[in-house]
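# Analysis of the macromolecular model
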Amino acid sequence: MRHYEKTGILSIKDFQVPSKKQLEKGVAILECVQEIPCNPCVDACPVHAISMKDINAPPVNDFEQCIGCSKCVGICPGLAIFVVKVKEQTAWVTLPYEFLPAPQVGAFVKALDRTGAIRGNALVKKVVKQGKTMVITIEIPSDLAMDVRNIRV
Amino acid sequence: MRVNGVPNVRTCIAPLTEGVIVEMQDKLATLPDAEFKGVPKKTLTVDVLVVGAGPAGLCAALESASQGASVLLVDENQCVGGQLIKQTHKFFGSKQERAGTRGIDIAKELEKDVRSLQREGNIMVMTESTVIGYYESENKHRFGVVERYEYQSTLYDVQCDAVILSCGAMENMLLFPGNDLPGVYGAGAVQTLMNVYGVKPGKRVLMVGAGNVGLIVSYQLLQAGIAVDRVVEAAPVIGGYNVHAAKLRRCGVPIQVSHSIKEVCGKNNVEGAVVVALDHQWKPISGSEEYIKCDTICLAVGLTPSTRLLSQIGVQLEFIPEAGGYVALHDRTMQTSVKGVYVAGDASGIEEASTAMIEGKIAGLAAAIQLGRSKNKKLLMQYHKQLTQLRAGPFGEKPRIAKEKIAHEKEKHHASL
């Protein structure tokens, strides 16, 4: 039995992690590890970087192909895709958000990790509506790039 | 229950009006000969009757009607869509199953398709209508249907060649002291209050059950601005998808596996609850009790297929644990042991809305083929392939086993005849 089956919390050992160089470019991290019948991310990818053996297989992202466009972030029904970009001491995380009030560009919000714990402040850089899911890009210190996955306005 | 003289009404969804008369009912009502509550009885003859306009029923009606069959679609709720209208989350699956679209939007799309076939005269839709029973008839299947329109009820004597029962499921209850206090809800009821009527069920919720329903409803509670104290799950693992659990966890909601509710505290309503840890035999560990303050308990502990009408028709039912209880034995075309009687969706075994829609299409098409309205067996094969794909993963194991057992029992039953 895997730890996340008891807690619901994934660790970076559970999914595909990009290299330092790939992170500099900015790529989509697919935190979708179970075999569930679902494939909209494959159809949404404009460069065909995301693939799946069959509809139940977990998706695989070819980080070399991925352009970090975040189209998959807003379409994923499981809200399980995050685009992460790291440059020196700064990181940008693009995440799905479905709560009101909507965060405002330029405002500071709380940065939360996979357990919901507050890990510091984040600056809201971009807010895009994709259907009723908001796709938010935040700026955080680079050491939190692989931890912060939610915000609180 | 009888409401204003109409038998077999589910009181929990009947609108409350001044002077409403609610009575206990202990046997099946007889079908009146001439008039019902002072209104003359009407007679309707259709090719296919579809009972329940949820995902399975809507797809069944659409499929039968688009093959040229005349269809009557009946639902007891005020609008069509069944559980879809409460599903504010995006659906899984592939493009074919409208993946990435929210359930509520799928309901709108299906309703639009139904309305356009209705304009062409192929489908007749009756909402706020209850199928009150199955009655004797020589060649056709015969049902009593009561349509409640404002203050007037009209009884229809419906005769059809085929019937598709897509009447869904009922929520399971859990036994614990205080489970009858106001504030103890089923997850479906909480969803109806929040997402259909816009009413907050409470301020702080304890969710019981970490299957997909428990996880999704917890997330929707947070979206409505209601606190979720935690999710307790009696099993040692989270039953729902990890992506749903992860969504909740990163909002700060704890999920405790091998934990359950012991009792509810409160005098006139829920004021708190005691949760307890369970050992590997699912027995409460004494001394592990913890009191939590909350005003709402939400039970998401599974569903049981609605089979009362099927049982009254006399189709062969069998207890299949993986299907959620008693289900009608059916073949690959969703036909039960009685010719012309089909099942689809949760009523044929608890599963997802995506598979319910495909089962609906199969039943609708198979009924049309049986009545000579269609010959499209190729399309039927295509739907079967789609179903097999959706059930191929580990989360499809339970329904897969359920359907295998149903097929096996059906063959056994057939051989014994």
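Residues numbered from 1 in each chain as written. Chains lettered and ligands numbered in written order. Predicted model: local features only at pLDDT ≥ 70, side-chain atom pairs only at ≥ 80, totals over all residues. Heavy atoms only, no water.

## Here's the deal with the pattern of salt bridges
Should their charged atoms come close, side chains of opposite charge can pair. Threshold: The salt bridge criterion pairs a side-chain nitrogen of Lys or Arg with a carboxyl oxygen of Asp or Glu, the two atoms within 4 Å. Three exposure classes are used, based on accessible area relative to the maximum for each residue type with a 1.4 Å probe and protein chains only: buried under 20%, partly exposed in between, and exposed over 50%.
Taken as a whole and judged by the stated rule, the model has 24 salt bridges over all chains. Where arginine 119 of chain A meets aspartate 113 of chain A, a salt bridge forms, and the shortest distance between an N and an O atom there is 3.0 Å. When its relative accessible area of 9% is taken as the criterion, aspartate 113 of chain A is described as buried. The partner of glutamate 409 of chain B in a salt bridge is lysine 412 of chain B, and the shortest N-O contact between them spans 3.4 Å.

## Remarks on the sheet that holds strand S16 (residues 259-265) of chain B
Residues and elements named next belong to chain B. This is how the line gets drawn: The criterion for strand pairing is that DSSP finds at least two bridges linking the strands in question. What counts as a helix is a DSSP run of H or I of at least four residues, what counts as a strand is a run of E of at least two, and both are numbered from the N terminus. Note on geometry: axes are lines fitted to C-alpha atoms, helical ones only across the stretch in contact, with angles between N-to-C directions running from 0 to 180 degrees.
A sheet is described by the order of its strands in space; here three strands give the open sequence S16-S17-S18, paired in antiparallel fashion. In the strand order of this sheet, the two ends are held by S16 and strand S18 (290-293), each with one partner. Looking at each pair of strands side by side, their axes are set apart by 30° on average, direction ignored. Pairing between strand S17 (residues 272-277) and S18: four bridges, direction antiparallel. Within S18, the position partnered with valine 274 by the bridge is tyrosine 291.

## Section: the interface of chain B and chain A
You'll often see interface size given as the accessible area lost when the parts meet. As a reminder, the rule being used: Throughout, a contact is declared for two residues whenever any of their heavy atoms are within 4.5 Å. A 1.4 Å probe defines the accessible area here, and the buried area is the portion of it lost by two parts on being joined, summed over both. We define a polar contact as two N or O atoms separated by no more than 3.5 Å, with the added condition that, inside protein, one atom must be a possible hydrogen donor and the other a possible acceptor, whereas residues neighbouring each other in sequence contribute only through side-chain atom pairs.
The partner chain A presents 41 residues to the 33 residues of chain B that form the contact. Roughly 3,000 Å² of surface becomes buried between chain B and chain A when both sides are summed, with 56% attributable to carbon and sulfur atoms. The three residues of chain B that bury the most area against chain A are Lys90, Asn242 and Arg250 of chain B, which together make up 24% of that side's buried surface. Viewed at the interface, chain A and chain B are joined by one salt bridge. Note that glutamate 98 of chain A is salt-bridged to arginine 102 of chain B, the shortest N-O span being 3.1 Å. Inspection of the region where chain B meets chain A yields 18 residue pairs in polar contact (both at pLDDT 80 or more). Within the residue set of the side of chain B that touches chain A, elements represented by two or more residues are helix H4 (212-223), helix H5 (242-249), strand S15 (255-257) and helix H8 (377-390) of chain B.

## Some points on the environment of proline 7 of chain B
All names here are of chain B. Mapped onto the elements, proline 7 comes out in the loop between strand S1 (2-3) and strand S2 (22-23). Accessibility expressed as a relative area gives 3% for proline 7, which makes it buried. In this structure the C-alpha to C-alpha distance between proline 7 and alanine 34, which are 27 residues apart in sequence, comes to 17 Å.

## So, the pairing of strand S5 (residues 90-97) of chain A
Residue and element names in this part refer to chain A. Taken across its eight residues, S5 has six buried, putting it largely inside the fold. With five bridges connecting them, strand S4 (residues 81-87) and S5 associate as antiparallel partners. Directly across from valine 84, in S5, lies its bridge partner valine 93. Between S4 and S5, which follow one another and run antiparallel, lie two residues, and glutamate 88 among them has a positive phi close to 50°. Of the pairings in the sheet, the one linking S5 to strand S8 (residues 133-141) comprises eight bridges and is antiparallel in character. From the neighbouring strand, threonine 94 faces S8, where its bridge partner is threonine 137.

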